[in-house]
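Given next are the chains, with one letter for each unit.
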Amino acid sequence: MAIELANDTYILTDSFPKNEEFGLKSQLRRCSVSVASNIAEGSSRSSNKDFNRFLEISLGSLYELQTEVILICLNLKI
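Remember, predicted model here, so these are calculated numbers, not experimental data. (Residues numbered from 1 in each chain as written. Predicted model: local features only at pLDDT ≥ 70, side-chain atom pairs only at ≥ 80, totals over all residues. Heavy atoms only, no water.)

**Q** Hey, could you go over the environment of Lys-18 for me, with residue numbers and the actual values?
**A** Note on placement: Lys-18 falls in the loop between α1 (2-13) and α2 (24-43). As a C-alpha pair, Lys-18 and Glu-64 span 46 residues in sequence and 22 Å in three-dimensional space. (Helix = DSSP H or I, 4+ residues; strand = E, 2+ residues; numbered from the N terminus.)

**Q** Break down the environment of Glu-41 for me, citing the residues and quoting the values.
**A** Position of Glu-41 relative to the elements: it lies in helix α2. Of the residues examined, Glu-41 reaches a relative accessible area of 37% and is grouped as partly exposed. (Buried < 20%, exposed > 50% of the residue type's maximum accessible area, 1.4 Å probe, protein only.)

**Q** How would you explain the packing of α1 against α2 if you had to name every residue and give the values?
**A** At a minimum axis separation of 8 Å, α1 and α2 run at an interaxial angle of 170 degrees. Overall, the two elements α1 and α2 adopt an arrangement that is roughly antiparallel. Residues Ala-2, Ile-3, Leu-5, Ala-6, Thr-9, Tyr-10 and Thr-13 of α1 pack against Lys-25, Leu-28, Arg-29, Ser-32, Val-33, Val-35, Ala-36 and Ile-39 of α2. Class assignment for the residues of the contact of α1 with α2 results in 10 nonpolar, three polar and two charged. (Axes fitted to C-alpha atoms, helices over the stretch in contact; angles between N-to-C directions. Parallel < 35°, antiparallel > 145°, perpendicular 65-115°, else oblique. Contact = heavy atoms within 4.5 Å. Nonpolar A, V, L, I, M, F, W, Y, C, P; charged D, E, K, R; others polar.)

**Q** Outline the environment of Thr-67, listing residues and values.
**A** Within the secondary structure, Thr-67 is located in helix α3 (residues 48-76). Separated by 15 residues in sequence, Thr-67 and Asn-52 have C-alpha atoms that sit 23 Å apart.

**Q** Help me get a handle on the side chain of Asn-38, residues and values and all.
**A** Relative to the assigned elements, Asn-38 resides in helix α2. Non-local contacts of Asn-38, meaning those with residues more than four positions away in its chain, are made with Phe-54, Ile-57 and Ser-58.

**Q** Now, about the nonpolar core: what can you tell me, with residues and values included?
**A** Among the nonpolar cores identified, the biggest contains five residues, and these are Phe-16, Leu-28, Cys-31, Leu-65 and Ile-72. Residue assignment for this core shows that the elements contributing at least two residues are α2 and α3. Once residues lying within four places of it in the same chain are set aside, the contact partners of Leu-28 are Thr-9, Thr-13, Phe-16, Leu-65, Glu-68, Val-69 and Ile-72. (Core = buried A, V, L, I, M, F, W, Y, C linked by side-chain atoms within 4.5 Å.)

**Q** I'd love a proper account of a nonpolar patch on the surface, names of residues and values included.
**A** A contiguous nonpolar surface patch, about 290 Å² in accessible area, is contributed by Leu-59, Leu-62 and Tyr-63. Structurally, Leu-62 can be placed in helix α3. (Patch = residues over 30% accessible without salt bridge, like charges linked within 9 Å, V, L, I, M, F, W, Y side chains within 5 Å. Areas by Shrake-Rupley, 256 points an atom, 1.4 Å probe, with all protein chains shown as cover. Salt bridge = Lys/Arg side-chain N within 4 Å of Asp/Glu carboxyl O.)

**Q** Lay out α2 in plain terms, naming residues and giving numbers.
**A** Along its 20 residues, α2 runs 29 Å from first to last C-alpha, staying within 8% of the 28 Å computed at 1.5 Å per residue. Turning to α2, its buried residues are Lys-25, Ser-26, Leu-28, Arg-29, Cys-31, Ser-32, Val-35, Ala-36, Asn-38 and Gly-42. (Expected span 1.5 Å × (residues − 1).)

Dropping the structure here:
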């Protein structure tokens, strides 16, 4: 699901204006990739404690992504 989220984020941000290339567009993409990457990295750890820590980091990235989506919706008046 995290990979689908990252893919959907890339598709969505393709339509962003050029002036957002290094702003929210880039930040949204980094957040979505971070979610999937941290889950993958955590799954390779040898203990549940380590894995849970990476899941917490992923959750933080999800909250960051949610905040950025809210900002976009406010700016677009959706």
